[in-house]
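Each chain is listed here by its residues.
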Amino acid sequence: MATVTLILGKSGSGKSTSLRNLNPAEVGLIQVIRKPLPFKGAPNWRIKVTDQWNEIIRIAQKATSKIIVIDDFQYMLANEFMRRSSERGYDKFSDIGRHTWDVFDALLRLPDDVRVYILSHTEETETGQTKMKTIGKMLDDKITLEGMVTIVLRAIVQDGHHYFSTRNNGSDTTKAPMGMFVDDLIDNDLAAVDAAICSYYSIQNTKAA
């Protein structure tokens with residue numbers, strides 16, 4: 001079973017920037033929305049672009065990289081919803097929920113030494129809970145995406161600095177295994193997060209084939 005981690009945060013909170021210290025030769029990057037990476041060295045990255053759930057699964061299953069990053073994941077859901085917005089009834093919500101679950105299930109079934117990072121926006125519920133952005137309550141009633149993974153980090157900006165929060169504040173879905181991260185706030189550095197995960201789970205951090 002692969003280690004799938006959610007990196008959640010508002011636009012501009014440093015999710016994409018957190019890739020900056022990863023070696024692009026060792027990462028399979030899937031962008032759901034095509035956009036320039038927000039750091040120097042972006043041309044060195046090999047990027048696959050698709051918002052199709054089945055294509056995301058196919059790319060991930062064929063990847064030789066031990067690190068897979070899916071950026072702007074929420075648009076996979078939103079784009080399918082918009083393409084089907086003229087459909088009457090609730091079947092589209094069930095379909096989008098199933099497609100999302102299929103992606104998570106396929107990613108979790110990747111080999112044990114694979115680490116997957118899903119970058120996605122957050123939203124606030126009516127009760128003030130901060131969670132992964134989806135397409136609304138009808139999908140949330142069917143699937144709790146954060147519940148399918150062990151690690152959820154939240155990208156935040158504090159005093160002009162970008163961090164990952166590693167501790168639940170009582171009104172969000174942040175979580176991490178006990179002892180994986182010492183500090184409540186860590187630098188928004190996905191390379192450091194990956195190193196911590198490999199150390200915690202005794203994963204050999206090998207290069208891409």
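Residues numbered from 1 in each chain as written. Predicted model: local features only at pLDDT ≥ 70, side-chain atom pairs only at ≥ 80, totals over all residues. Heavy atoms only, no water.

Going by the annotation in an unreviewed UniProt entry, the name recorded for the chain is AAA family ATPase, with Azotobacter chroococcum given as the source organism.

1. Some details on a nonpolar patch on the surface
A cluster of nonpolar residues, Met-178, Tyr-200 and Tyr-201, forms a patch on the protein surface that exposes about 360 Å² of accessible area. With a relative accessible area of 36%, Tyr-201 lands in the partly exposed category. (Patch = residues over 30% accessible without salt bridge, like charges linked within 9 Å, V, L, I, M, F, W, Y side chains within 5 Å. Areas by Shrake-Rupley, 256 points an atom, 1.4 Å probe, with all protein chains shown as cover. Salt bridge = Lys/Arg side-chain N within 4 Å of Asp/Glu carboxyl O. Buried < 20%, exposed > 50% of the residue type's maximum accessible area, 1.4 Å probe, protein only.)

2. Digging into unusual backbone geometry
One non-glycine residue, Asp-159, lies in positive phi territory at about 55°. When you line up the elements, Asp-159 lands in the loop between strand E8 (151-158) and strand E9 (161-165). Owing to a relative accessible area of 70%, Asp-159 belongs among the exposed residues under this scheme. (Helix = DSSP H or I, 4+ residues; strand = E, 2+ residues; numbered from the N terminus.)

3. Description of the sheet that holds E8
Two orientations exist for strands paired in a sheet by backbone hydrogen bonds: parallel and antiparallel. Taken in spatial order, the 8 strands line up as E3-E2-E4-E5-E1-E8-E9-E10 in an open sheet, and their pairing is mixed. The open sheet has two free edges, formed respectively by strand E3 (47-49) and strand E10 (185-187), since each of these has just one partner strand. Each adjacent strand pair in this sheet contributes to an overall mean axis angle of 25°, direction not counted. The sheet contact formed by strand E4 (residues 67-71) and strand E5 (residues 115-120) spans 4 bridges and is parallel. Bridge pairing links Ile-70 to Ile-118 in E5. (Pairing = 2+ DSSP bridges. Axes fitted to C-alpha atoms, helices over the stretch in contact; angles between N-to-C directions.)

4. Looking at helix H3 (residues 91-108)
The first and last C-alpha atoms of H3 sit 26 Å apart over 18 residues, in line with the 26 Å expected at 1.5 Å per residue. Counting buried positions along H3 gives 13 out of 18 residues, so the element sits mostly inside the fold. (Expected span 1.5 Å × (residues − 1).)

5. Considerations on the environment of Val-4
Along the chain, Val-4 turns up in strand E1 (residues 3-9). The class for Val-4 is buried, based on a relative accessible area of 4%. On a C-alpha basis, the gap between Val-4 and Val-149 in space is 6.1 Å, while along the polypeptide they are 145 residues apart. Beyond its immediate chain neighbours, meaning those up to four positions away, Val-4 contacts Leu-107, Leu-108, Val-116, Ile-118, Val-149, Thr-150 and Ile-151. (Contact = heavy atoms within 4.5 Å.)

6. Quick word on the packing of aromatic side chains
According to the stated counting rule, one finds 4 aromatic pairs in the structure shown. A centroid spacing of 5.7 Å and a plane angle of 45° characterise the contact between Phe-81 and Phe-93, whose relative ring orientation is tilted. With a gap of 12 residues between them, Phe-81 in helix H2 (residues 74-83) and Phe-93 in helix H3 connect regions that are remote in the sequence. With relative accessibility at 23%, the residue Phe-81 sits in the partly exposed group. Residue classification places Phe-93 among the buried positions, given a relative accessible area of 11%. (Phe/Tyr/Trp six-rings, centres within 6.5 Å; stacked < 30°, edge-to-face > 60°.)

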